[in-house]
Each structure stands twice: as C-alpha cells, then as structure tokens.
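Residues per chain are reported as follows:
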Amino acid sequence: MSVPEVPELLDHAVSELGGTRRDGQVTMASAVAAAIDDGEHLAVQAGTGTGKSLAYLVPSIRHAVKSNETVVVSTATIALQRQLTERDLPRLASALTKPLGREPHFAILKGRANYLCLNKLHSGVADEPDSELFDAFELSRTGREVTRLREWTSDTETGDRDDLPQGVSDRSWRQVSVTSRECLGANACPYGEECFAEIARRKAGASDVIVTNHAMLAIDAMSPATILPEHRVVVIDEAHELVDRITSVTTEEISAAGVTIVARRLGKLVSDETADSLVGAGEQLGILLEATQNGEWTRLPNGAGEILASLRDRLWNARSEIGPAKPGTDPEAAAARQMAMSATESLHDSVVRTLTVFGESDITKRFDVVWKSVDDFRNNTRHTLRIAPLSVAGLLRTSLFTDSTVILTSATLTLGGSFDALARTWGLPAHGGDAEGAGWRGLDAGSPFDYPKSAILYVADRLPPPGRDGIAPATLDQMVELMTAAGGRTLGLFSSMRAAKEAAEKLRDRVDFPILCQGDDTTSTLIRTFSDDEQTCLFGTLSLWQGVDVPGRSLQLVMIDRIPFPRPDDPLLSARQRDVDARGGNGFLTVSANHAGLLLAQGAGRLLRSTSDRGVVAVLDPRLATARYGNYLMAGLPPFWKTRDLTAVTAALARLAPSRS
C-alpha cells in the first residue's frame, strides 16, 4: 500500500481531529517533509496557534511508517512531553491508522533515574542523606514517602516518577532510583527482565516515534553506550532551550559535602585509612572554598592546585581499592559496590576536568569555565565549585547534526530578525552554509494572529532607567495606572524574584484586586488561580516568562519591568561574552542581548494564546526605545502595534476591560 503525501495526511488528520486548515501549519509540515527527504537540517519558527506539534508529527510518522525507521522527538519540558504522549500522539495515531494502513506506535523514554529501580528497592541499598537534611522531620517525611513508593511498586506498570499519583521529594526518590552510572546493567541485575527502565527502552526500540527530552539527547551524545534506539531523524521542539539544557547536563559540581557523601558510600569497601584520607581531603577542600570569593576562577587560588590534586589522587586510590566484583557477589553487595564506584569515578572525573582547565594558561583557549558559588539550603550554606562548557556547539555539531537530520522548532527562534544567532550556538554555520555536511535552512511559518490588530506594544520611554536601588516610584505609579485600566488581569514579569516581591508588596495597597506572587504557593496552583479569577494579577520571574498559557479574559496585560539581561556577575555568560570579544566579535550583542531577546520574545508571547485574545505588552524599561540595541531586540518581537503614548494605552485597556468582564 502506498503512503499518502504529507499534505493529504495532514488534511485527513485535521479533519479527523475536528480542527481547521491553517496555512502556516501546512507550510511547516511540507518543509519538514522536504527536509527529511533531502537530509537537510531545518529551523522553523512557528508562532503560537500555528499547530506546530501536528506540523512535525505528521511528516515524522509518515517517514517512520514508510521507511520503517524510528523518529526521535525531543522536548525541553515535562509538560510538552505529556501533551505529546497523553493527548496529541494517541489522537493522531488513531486518526492516521486508516490512510497509513496500520496504527503508528509511539513511546516515551527518559533517563534511568526517572524510573524505580527494583534492585535498589528490594536490596535495601539507600543513599546517605545530606548532612543538611539529617533531622527528625526530614527523616520521618522521607520514611513515609519511601514506604508509599514501595507500595506503589505493585500498582505501577511503568515505574515512571511522573506517573506517581502524588509527588515525592527528590531525596525520597533517590532512595528508590539509580543513575545510569550506578546501574548494575540488565545482564548483571537479578531484576534485569522486570526493570522498568529496560522495559521502556525495549518499547521505545519498537516504536515509530520516541518522545524524549534534551537532557537525554546530551546523555546519549556523551555516553559510550547507545541509549536511544537507532534513528536518522530528530525533531527538537522548544529548541530555544536546547543550549541551556545541554549545558546543564554537562555542568559538574565539587563540594566538601559531595566528598563526604562519596566517603560514606565507600563504607567497608575500602580501608579505614583510605576513607579517612579522603575525608581529610574533603575538609581541606571545604576550608579552601569557604576562604574563596564567589565568582569565576580565571586562575587557581593559592593552594587550590595542591588540594585538588590531593583529592584527585585519593579518589583514584579509593576507586582502585574497591576493585572488581568477586564472582557470586550477592545483588545487595553488588549494588552497593556499583553505587560507590560510580560516585567515586564521577567526582574524580570532575576534579580532573577542573585541573585540566588550568593546565591551559591562555584563557582564550580553554573549553570550560570554573566558578565558585554559595548555595543556601534550609538555612545551611554550601560552598560549591562548578565546571561548565564554554560552548556546547562542538558537542552538538559532532554528535547530533553529523549523524542525523534535525528539525528544530519553537515559537521564538529568530533574534534581530535572523536565525543565525541561535544557529551558531547549535554548532551550525551562519546563513545556512554547508560546512561539514551541516547545511540547513530557516523558515518562519508565521502565526494565525493578526498582531497589529490584536495587541499593542507599549514602551515607557519617559521612565527612569532601571537601577539597583529597587523599583523607581515613577515606575510603580505607571504600573498602578496600567493595572487599574486593565481591571487587574495582569501578568507581571520581573527580572528577579526580589523585584517581583517588592512590586507585589508595594502595589497590593494601591490597587483593588488580588496580586499573587511566585513563591506564595506552587507555580501551577498560582497559574490556575490567576486563570480562574479574571481580576487576579500574577507577579513572578523566570519560569513565568515561558510557563504561562492562559488564553481568554484573565490575561489582558503583560507587564515587563526591565529588559531581561543576564546578571553581570553570571560567571558562565560573562565568560562566553569575553570569549566572543577575544575572537573579534561583539560579546554583549552575541551573548547578553541574545539572551535578553529570547526571554523578551517568550515573555511577550504570553499575551496572545488564542485568536480572540486582545491586550497590551508594556515594557517599562526606556532602554528598549533609547539604546542602540533596542531595535535589535524589537526585531525579535511579534509585529504588535507600537506606541510610547501611555494615555492611548490606558484608554485601549479600559475599552477592552468591559468587553471581557
């Protein structure tokens, strides 16, 4: 039986699902099909309402069925994974069964640590608790949660943490799960055949479409073992987050607490002398980090080289002393040994990686960035050394774009009106060049929204520039004026939690409607309350810039306090900016402005979520109108009707409010 072409399949799917034809969706689906056929990478910007999920799923499923090849779909968030596997793919598979001649199969695949480990559950091997959490309340809570997880084992078919009816803390979950490095392996594990992670992998291997996440892509790229089944086509949704997610996976940490945990895991596997020696090295590291200022290490502080080298050697000695498992070792002992080995090797490799950075005296030739930070957790302070890649472009170029045809899509992929900025961070050549087989092209599939008629972009050019001394009185006054005109219905996006809380506290007594602030409750609960009560306002920071989808009458005004540039003391972004400058580029524009431009576009995108939505995006930072980079940032925003006239904006909001109340 011949397989229908993509336009016919898409029309059939849309009709079966009760939708309507969208020109942008058709354009995108045809472009995805052509890219798969030609083996050319494709970056597609598809605005909200385009129906991009269907636009890449239909050609992906067609290719999988026709060629008998698996297609990998990667997302950044659990929310989109669930949308695809629980709503979009089941309905689409049913709709396409008849024209394709069989029902397409799909599966979700996550990292091993997302699944229950039966061996760990039954052997009784548990992680040592962090010293900061070693108190009666936490131990009692963990005990109750682990008991609930044990009971859940007999009910669950997937062992997937996301299927757990009520969530548990990360600490409790660690008691019943293992990382890929800690796993004994299916052949050595007594529960290999029943293993939830292995079952998920087998199901994925027999599927037409596998839904995974960006972190798994990175792990698959770096692992010597094959994690994802063989595939030739990869679709990356939420591609604007790809670099940050890959960077997060490849960032490592070293701390005195981490050394202590390794030493505890070693237990009786090494001599007391070896364990004591390792603990001593950890204490020396703790003293060093406490005496070191926060921020990037461009060179090793006095004594740091010797302390890190000593820690490296003692970790290696411990790892060598553990030795290979003896034949006939019982599963519990084998699991404990594997966990100790994994923890020791991981920390050793992190220390070696750090020392390697400073083996290169020329800072412009280094591949990693090292910095010290302080984390506060439950009133406890932890001093931590972090190591992150200066760029992940090389990793992506060699591990992703060389072996696969890649479709990258998001509602926001252009910066300054071009795909090139993000393409460079992915490791693709500028302007769609064909270097090393990395030919690609960009497509803007548009949006069903009539932006100039649906929304206003207001830039407050007469307010004082934002400073470090809190929100200016004039800015607060203008917030009151805008929110009052809108009758509430405001999403306030702030560059820091401090600013969000300050604005909420100072405005609650000045307006007649509720103001919720991130941190008052779980983010999902706050968004639900905001959506359900039309007059309620919601203030928050980073996760709200990208995580709010509230169509309808509850969201009429998106208020942005300032251009979301990264913090000037962010060690990684500062190092990346310095690296661009050293190579003759514009570090500020390439790193800081592009970072701000992506967030600004994501924030502005919260306003229009359906074709009937109307409202205002108000940027209360005059630099968007007055600074040289303002036009560059504006070019990445939807083509709203633009004005600097506050009176016109408040009048428009007042006209909208009655019609939506």
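Everything discussed here concerns the structure shown above.
What counts, and where the lines are drawn
- Residues numbered from 1 in each chain as written.
- Predicted model: local features only at pLDDT ≥ 70, side-chain atom pairs only at ≥ 80, totals over all residues.
- Heavy atoms only, no water.
- Buried < 20%, exposed > 50% of the residue type's maximum accessible area, 1.4 Å probe, protein only.
- Helix = DSSP H or I, 4+ residues; strand = E, 2+ residues; numbered from the N terminus.
- Arc of directions from axis to C-beta.
- Contact = heavy atoms within 4.5 Å.
- Salt bridge = Lys/Arg side-chain N within 4 Å of Asp/Glu carboxyl O.
- Pairing = 2+ DSSP bridges.
- Axes fitted to C-alpha atoms, helices over the stretch in contact; angles between N-to-C directions.

Novice: Quick one: what's the story with helix 1 (residues 6-16), residue by residue and with numbers?
Specialist: Taken together, the buried positions of helix 1 are Val6, Leu9, Leu10, Ala13 and Val14. Considered in projection along helix 1, the buried side chains sweep an arc of 130 degrees and stay on one side of the axis. In helix 1, the exposed positions angled more than 90 degrees off the buried face are occupied by Glu8, Ser15 and Glu16. On its buried side, helix 1 packs onto helix 2 (23-38), helix 3 (52-67) and helix 4 (78-100). After helix 1 finishes, the residue Gly18 shows a positive phi value of roughly 75 degrees.

Novice: Residue-level account of the pattern of salt bridges, with values.
Specialist: Evaluated as defined, the whole model comprises 32 salt bridges. Arg21 is the salt-bridge partner of Asp11, the closest N and O atoms lying 3.2 Å from each other. Here the residue Asp11 occupies a position in helix 1, and Arg21 occupies one in the loop between helix 1 and helix 2, the gap between them amounting to 10 residues. Its relative accessible area of 37% is what places Asp11 among the partly exposed residues. Salt bridges sharing partners connect three or more residues here, namely Arg82, Lys110, Asp160 and Asp162.

Novice: An account of the sheet that holds strand 2 (residues 70-75) is needed here, citing residue identities and associated values.
Specialist: Sheet architecture is open: 7 strands sit in the order 3-4-2-5-10-1-11, paired in parallel fashion. A single partner strand is all that each edge strand has here, and the edge strands are strand 3 (106-108) and strand 11 (440-446). In this sheet, neighbouring strand axes are inclined to one another by 20 degrees on average, regardless of whether the strands run parallel or antiparallel. Alignment of strand 1 (residues 41-46) against strand 10 (residues 405-410), held across 4 bridges, turns out to be parallel. Bridge pairing in strand 10 links Leu42 to Ile407. The sheet contacts of helix 2 involve strand 1, strand 5 (231-236), strand 10 and strand 11, and relative to strand 11 the element is tilted by about 165 degrees.

Novice: Which residues make up the pairing of strand 12 (residues 455-459), and what are the values?
Specialist: With respect to burial, strand 12 is a largely interior element, 5 of its 5 residues being buried. Judged by which residues are buried, strand 12 turns out to be covered on both faces: Ala455, Leu457 and Val459 on one side and Ile456 and Tyr458 on the other are all buried. In this structure, strand 12 lies alongside strand 17 (residues 615-619), joined through 5 bridges in parallel fashion. Along strand 17, the bridge assignment pairs Tyr458 with Ala618. Across 3 bridges, strand 12 lies against strand 18 (residues 641-643) in parallel orientation. Bridge pairing links Tyr458 to Thr643 in strand 18.

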